[in-house]
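Analysis of the macromolecular model
The chain contents come next:
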Amino acid sequence: MGPGPARRPVGDAVELLTNPALARLHPTGNHPERQDRLLGLGGETVERNATAEQLARAHTADYLALLERIDRPVQLDADTVASETSWQAAMLAAGIALEAVDRGGFALVRPPGHHALADRAMGFCLVNNVAVAARYAQAELGLERVAIVDFDVHHGNGTEAIFRGDDSVLFVSLHQWPFYPGTGGPGTSDGSTLNLPLPAGSGDDEYRAAFGEVDRIVQSFAPDLLLVSAGFDAHEQDPLAQMLVSDSGFRELAQRCSALAPRVAAVLEGGYNLATLPRLVAVAQEGFSS
Ligand SMILES: [Zn+2]
């Protein structure tokens with residue numbers, strides 16, 4: 001066990017941490033990453049913004065200034081919108097991710113983060129919440145070795161790019177490939193990056209088999225902290241992708257993540273079926289808590 005605040009007592013459920021203002025502050029209309037995604041997920045309301053210094057560990061000053069200056073609805077890339085209060089949403093989402101690190105909790109936040117690059121928005125993402133959380137754990141909690149497991153159906157290209165070449169952060173991604181954003185294909189792993197591209201139509205059996213490699217690589221890395229980019233868009237009823245992971249498959253993924261480090265925290269990424277997201281968050285909470 002690494003230094004820093006005590007981990008969650010054994011037997012207690014992982015806390016769900018959120019803030020309903022994340023809906024109001026980042027209006028997206030009929031976009032798949034819509035305001036109603038957080039409805040019905042539950043969670044304790046947390047009032048905590050990431051500071052400029054904390055955000056600057058993962059993003060360039062110029063990019064953060066651009067987000068802060070937005071004063072009307074804008075399109076930042078082909079599928080990423082923002083408006084005058086999105087900066088507040090981004091600071092709050094990242095701040096709740098930091099709180100999740102402190103408490104070993106599950107941050108239920110939007111906008112998601114794992115496509116956001118150091119210097120630009122991408123794929124519904126403004127600030128890379130999990131990257132800011134990893135740097136916070138290292139710089140402020142003394143947790144030196146951080147592993148990130150990303151089971152969102154899309155490759156976490158932003159997180160990969162931010163930590164590429166940094167041996168203190170292991171990045172692991174299971175994702176549909178070929179698929180958006182196009183990165184993370186065969187032959188793109190290295191000493192601190194493990195990409196496990198899976199074909200469309202993969203379900204619980206394929207994810208279970210691929211996770212054997214995750215177990216092996218993460219255990220040999222021996223992280224002080226494991227962060228999970230928990231997206232639920234690999235679910236069999238998600239409208240954006242073609243994977244077939246079941247509810248119990250997500251419980252198992254979360255459970256296996258929770259066994260990989262002395263401290264574990266999770267951050268919501270994708271998951272776009274509003275009818276299934278609340279129960280998938282609940283089964284993942286069970287898995288993380290076991
Ligand atoms: Zn996704």
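Let us look at the structure shown here. (Residues numbered from 1 in each chain as written. Predicted model: local features only at pLDDT ≥ 70, side-chain atom pairs only at ≥ 80, totals over all residues. Heavy atoms only, no water.)

Looking at the coordination of the zinc ion
- The coordination sphere of the zinc ion contains the protein donors Asp152 (OD), Asp152 (OD), His154 (ND1) and Asp233 (OD), at a distance range of 2.0 to 2.7 Å.
- Considering all four donor atoms around the zinc ion, angles at the metal cover 53 to 155° and the coordination shape is irregular.
- Coordination of the zinc ion draws on donor residues from a single chain, spaced D-x1-H-x78-D in sequence.
- Residue His154 is classed as buried on the basis of its relative accessible area, which comes to 8%. (Donors = N, O, S within 2.8 Å, 3.2 Å for Na, K, Ca; no water. Tetrahedral: all angles 85-135°; square planar, octahedral: opposite > 155°, others 65-115°. Buried < 20%, exposed > 50% of the residue type's maximum accessible area, 1.4 Å probe, protein only.)

A few points about the pattern of salt bridges
- Under the counting rule described, the total for this entry stands at 20 salt bridges.
- Among the salt bridges present, the one from Arg48 reaches Asp102, with a minimum N-O distance of 2.8 Å. Linking Arg48 in the loop between β2 (44-45) and α2 (52-55) with Asp102 in helix α4 (residues 86-103), this pair joins segments that are 54 residues apart in sequence. Here Arg48 and Asp102 have matching classes, each one buried.
- Among the ionic pairs, Asp166 bridges to Arg135, the shortest N-O distance being 2.8 Å. (Salt bridge = Lys/Arg side-chain N within 4 Å of Asp/Glu carboxyl O. Helix = DSSP H or I, 4+ residues; strand = E, 2+ residues; numbered from the N terminus.)

Here's the deal with the sheet that holds strand β6 (residues 146-150)
- Taken in spatial order, the eight strands make up an open sheet running β2-β1-β5-β10-β9-β6-β7-β8, and their pairing is parallel. Strands with a single pairing partner mark the edges of an open sheet, and in this sheet they are β2 and β8 (193-198).
- Contacting β1 (16-18), β2, β5 (106-107), β9 (225-230) and β10 (264-268), α4 crosses the sheet at an angle of about 155° to β1. (Pairing = 2+ DSSP bridges. Contact = heavy atoms within 4.5 Å. Axes fitted to C-alpha atoms, helices over the stretch in contact; angles between N-to-C directions.)

Description of the pairing of β6
- With five of its five residues buried, β6 lies for the most part within the structure.
- Neither face of β6 is left uncovered, since the one carrying Val146, Ile148 and Asp150 and the one carrying Ala147 and Val149 both have all their residues buried.
- When β6 meets strand β7 (residues 169-176), the two strands line up parallel, connected through five bridges. Among the inter-strand pairings, Asp150 is bridged to a residue of β7, identified as Ser173.
- Pairing of β6 with β9 involves five bridges; the strand directions are parallel. Note on β9: the bridge partner recorded for Ile148 is Leu227.

Topic: the side chain of Asp238
- With respect to the helices and strands, Asp238 occurs in the loop between β9 and α8 (247-258).
- Although buried, Asp238 forms no salt bridge, and the nearest oppositely charged side chain, Arg37, lies 7.5 Å from it.
- Only 2.8 Å separates the side chain of Asp238 from the backbone nitrogen of Tyr272, close enough to count as a polar contact.
- If we ignore the near neighbours within four places in the chain, the residues touching Asp238 are Phe232, Asp233, Gly271, Tyr272 and Asn273. (Lys, Arg positive; Asp, Glu negative; His and termini not counted. Polar contact = N/O pair within 3.5 Å; in protein donor to acceptor, adjacent residues only side chain to side chain.)

Comments concerning helix α9 (residues 277-289)
- For α9, spanning 13 residues, the distance from its first C-alpha to its last is 18 Å, which sits close to the expected 18 Å at 1.5 Å a residue.
- Buried within α9 we find Leu277, Leu280, Val281, Val283, Ala284, Gln285, Gly287, Phe288 and Ser289. (Expected span 1.5 Å × (residues − 1).)

Some remarks on the pairing of strand β3 (residues 74-77)
- For β3 and strand β4 (residues 80-82), the ladder comprises three bridges, and the chain directions are antiparallel. Within β4, the position partnered with Val74 by the bridge is Ala82.
- Counting the residues that bridge the hairpin from β3 to β4 gives two residues.

Points about the packing of helix α7 (residues 204-221) against α8
- Relative to each other, α7 and α8 sit at 5°, their axes nearing to 10 Å. Between α7 and α8, the crossing angle belongs to the class labelled roughly parallel. Facing α7, whose interface residues are Asp204, Tyr207, Arg208, Phe211, Gly212 and Asp215, α8 presents Ser248, Gly249, Glu252, Leu253, Arg256 and Cys257. (Parallel < 35°, antiparallel > 145°, perpendicular 65-115°, else oblique.)

Regarding the environment of Thr18
- One can find Thr18 in strand β1.
- For Thr18, a relative accessible area of 8% puts it in the buried group.
- Each C-alpha atom of the pair Thr18 and Val228 lies 16 Å from the other, and the pair is 210 residues apart in sequence.
- A polar contact of 2.7 Å, which involves the side chain of Thr18, links it to the backbone oxygen of Leu108.

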